Amino acid sequence: MERRSPELLDRLAIRAAYLHHSDRKSVREVTAELQAAGEPVRKDDDIRMLIRRALTTGLVKIEVTRTLSTGTLDLDTRLGRRLAERFGMRNVYVVTDRALAGLKDQDPLAYGDQIHLGLGWAAAGFLMSRIRDRDTIAVGGGRALGFTVDALKELQKDTRQSFKDLSILSLVGNNIIRRQDLRKLGDGNLTADTVAFDLAAILGVDFEKVRFVHLPLSLPDSLNEDVASEVMKVLGGHLLNWQSPPDIAVFSMGTVNHRHYMVNQRGPETEPVRGELDTLMREILPQAPDSIAKICYKLFWVGDRSSPSELRERASALMDAFNKKTVSVPLNLLNQAREKVLVAGGSEMVNAIRAVARASAEAASGGSPVDYDGVVPTCLVTDAATADALDTMPS
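Here the structure is a predicted model, which means the values were calculated and not measured.

Caption draft 1: Region of interest: the packing of helix H12 (residues 274-284) against helix H13 (residues 309-325). Contact geometry of H12 with H13 gives a least axis separation of 10 Å together with a crossing angle of 165°. By the angle class used here, H12 and H13 are roughly antiparallel. As for how H12 packs across H13, the hand of that crossing is left-handed. Across the interface between the two elements, Glu 276, Leu 277, Thr 279, Leu 280, Glu 283 and Ile 284 from H12 touch Leu 311, Arg 314, Ala 315, Leu 318, Ala 321, Phe 322 and Lys 325 from H13.

Caption draft 2: Inspection of the nonpolar core at higher detail. In this structure, Met 253, Ile 292, Ile 295 and Leu 334 are the most contacted members of the largest nonpolar core, which totals 68 residues. Counting residues per element, this core draws most heavily on helix H15 (residues 350-364), at 6 residues.

Caption draft 3: Quick look at the pattern of salt bridges. Evaluation of the coordinates by the stated rule reveals 19 salt bridges. Arg 82 is the partner of Asp 391 in a salt bridge, and the nearest nitrogen-oxygen pair spans 2.8 Å. Separated by 309 residues along the polypeptide, Asp 391 in helix H16 (residues 384-391) and Arg 82 in helix H4 (residues 77-87) bring together distant segments of the chain. The exposure class assigned to Asp 391 is partly exposed, which follows from its relative accessible area of 26%. Residue classification places Arg 82 among the partly exposed residues on the basis of a relative accessible area of 39%. The partner of Arg 305 in a salt bridge is Glu 362, with the nearest N and O atoms 3.1 Å apart. Separated by 57 residues along the polypeptide, Arg 305 in the loop between strand S10 (298-301) and H13 and Glu 362 in helix H15 bring together distant segments of the chain. Exposure remark for Arg 305: the relative accessible area of 34% places this residue in the partly exposed category. Given a relative accessible area of 17%, Glu 362 falls into the buried group.

Caption draft 4: Structural view of the sheet that holds strand S12 (residues 379-383). Reading across from one edge, S3-S12-S11-S7-S4-S5-S6 is the order of the 7 strands in this open sheet, with parallel pairing throughout. Two strands bound the open sheet, and with one partner strand each, they are strand S3 (91-95) and strand S6 (210-211). Both strand S4 (residues 136-139) and strand S5 (residues 167-170) contribute to a ladder of 4 bridges, which runs parallel. For Ile 137, the partnering residue across the bridge sits in S5 and is Ile 168.

Caption draft 5: A look at helix H3 (residues 44-56). Under the 1.5 Å per step criterion, the end-to-end length of H3 is 18 Å for 13 residues, consistent within 8% with the ideal 18 Å. Inspection of H3 places Asp 46, Ile 47, Leu 50, Ile 51 and Ala 54 among the buried residues, and these make up the whole buried set. Down the axis of H3, the buried set is contained in an arc of 140°. They therefore lie on one face. More than 90 degrees from the buried face of H3, the exposed residues found are Asp 45, Arg 52 and Thr 56.

Caption draft 6: Geometry of the packing of H15 against H16. Packing of H15 against H16 brings their axes to within 10 Å, and their N-to-C directions diverge by 50°. It follows from the interaxial angle that H15 and H16 lie oblique. Handedness of the crossing formed by H15 with H16: right-handed. In this structure, H15 contributes Val 350, Ile 353, Arg 354 and Ala 357 to the contact, and H16 contributes Thr 386, Ala 389 and Leu 390. For the contact of H15 with H16, the per-class residue count stands at 5 nonpolar, 1 polar and 1 charged.

Caption draft 7: Up close: the environment of Leu 9. Residue position: Leu 9 is located in helix H1 (residues 6-22). For Leu 9, a relative accessible area of 14% puts it in the buried group. When residues no more than four places from it in sequence are discounted, the contact partners of Leu 9 are Arg 4, Leu 50 and Arg 53.

Caption draft 8: Looking closely at the sheet that holds strand S8 (residues 254-255). Pairing is antiparallel across the open sheet formed by 3 strands, whose spatial order is S8-S9-S10. Both edges of this open sheet fall to S8 and S10, since each of them pairs with a single strand only.

What counts as what
- Residues numbered from 1 in each chain as written.
- Predicted model: local features only at pLDDT ≥ 70, side-chain atom pairs only at ≥ 80, totals over all residues.
- Heavy atoms only, no water.
- Axes fitted to C-alpha atoms, helices over the stretch in contact; angles between N-to-C directions.
- Helix = DSSP H or I, 4+ residues; strand = E, 2+ residues; numbered from the N terminus.
- Parallel < 35°, antiparallel > 145°, perpendicular 65-115°, else oblique.
- Left-handed = near helix turned anticlockwise from the far one by under 90°.
- Contact = heavy atoms within 4.5 Å.
- Core = buried A, V, L, I, M, F, W, Y, C linked by side-chain atoms within 4.5 Å.
- Buried < 20%, exposed > 50% of the residue type's maximum accessible area, 1.4 Å probe, protein only.
- Salt bridge = Lys/Arg side-chain N within 4 Å of Asp/Glu carboxyl O.
- Pairing = 2+ DSSP bridges.
- Expected span 1.5 Å × (residues − 1).
- Arc of directions from axis to C-beta.
- Nonpolar A, V, L, I, M, F, W, Y, C, P; charged D, E, K, R; others polar.

No statement about biological role is implied by the geometric values presented.
This is the structure:
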């Protein structure tokens, strides 16, 4: 093996330390993972040396908690490992809310942003341990992704990791998304294109290697089909067919209900799907609350599998019509990513995340997920209340 430069040793040291201390991998597992990735590491003793280098030189600091704007972020690693094993995911990160006691009742908007802020920190730490040279990273939009990018920016100030030949893909057309608690954490457009732009700046990615969508969230039926197809090929061609699947895809999830901004927002970017949304709200959701979720603005069923067939058929027809109009990655393509990181939590997400976990367990057992058209993540970042609901979920 050729002599390794100090810069290369620093990069390997940071990655080895993150895998060992953050992901709780053994030295032997870290050795195997880095060798499988083609990294110039030798045996287990080499990994131990790299981890010592990361700690003694200050490249990595081990902290039990991280200070947030209203308290501290704790990770329940024991519960996370238990859920990962049960549902067949590689990693589950559980963010506790002990530091936010009382805030949920006093100020629900601030509580929601603080939970998502914690999810963002956990997701950012995971991503920094997973990104490799020449990776393609695909990103969605929303609060959780916005906070993930914010956290990555802070982590980069500490670690100063550098990567070669990264590419970044935006996964969703543009829709105005903002943090809910503007009084506490400020304003900001959190669309997928914005997330991709910010991530590229943080990781030093040449903007020629960033694919934006540059289109609205949905396209109207009145647009000529041939014209729409050509527009998509030019401005969003990477949403139609991967040249190769992304190495890492990071995305959030939402539940369709009367509180969701997409339902309440009246504007040109949602007008083409207004009919489907209104009909879902009027005909489907009163009979089956919390039964429809979205990832990257593609809708899918997460409700009771025993729901009446007529209701399911009507819901499927409406969701198919909605999905055909939205400018975003099809979920069957998103499922091809090597690492699929779902960052989602909150009381309204429990039913949807249960469906995700059930599908993940079915896939891990060697079968195809039953009655599920969403994404099967390899990593879940969620809050403690949602994790507790998964933990008590019947087998």
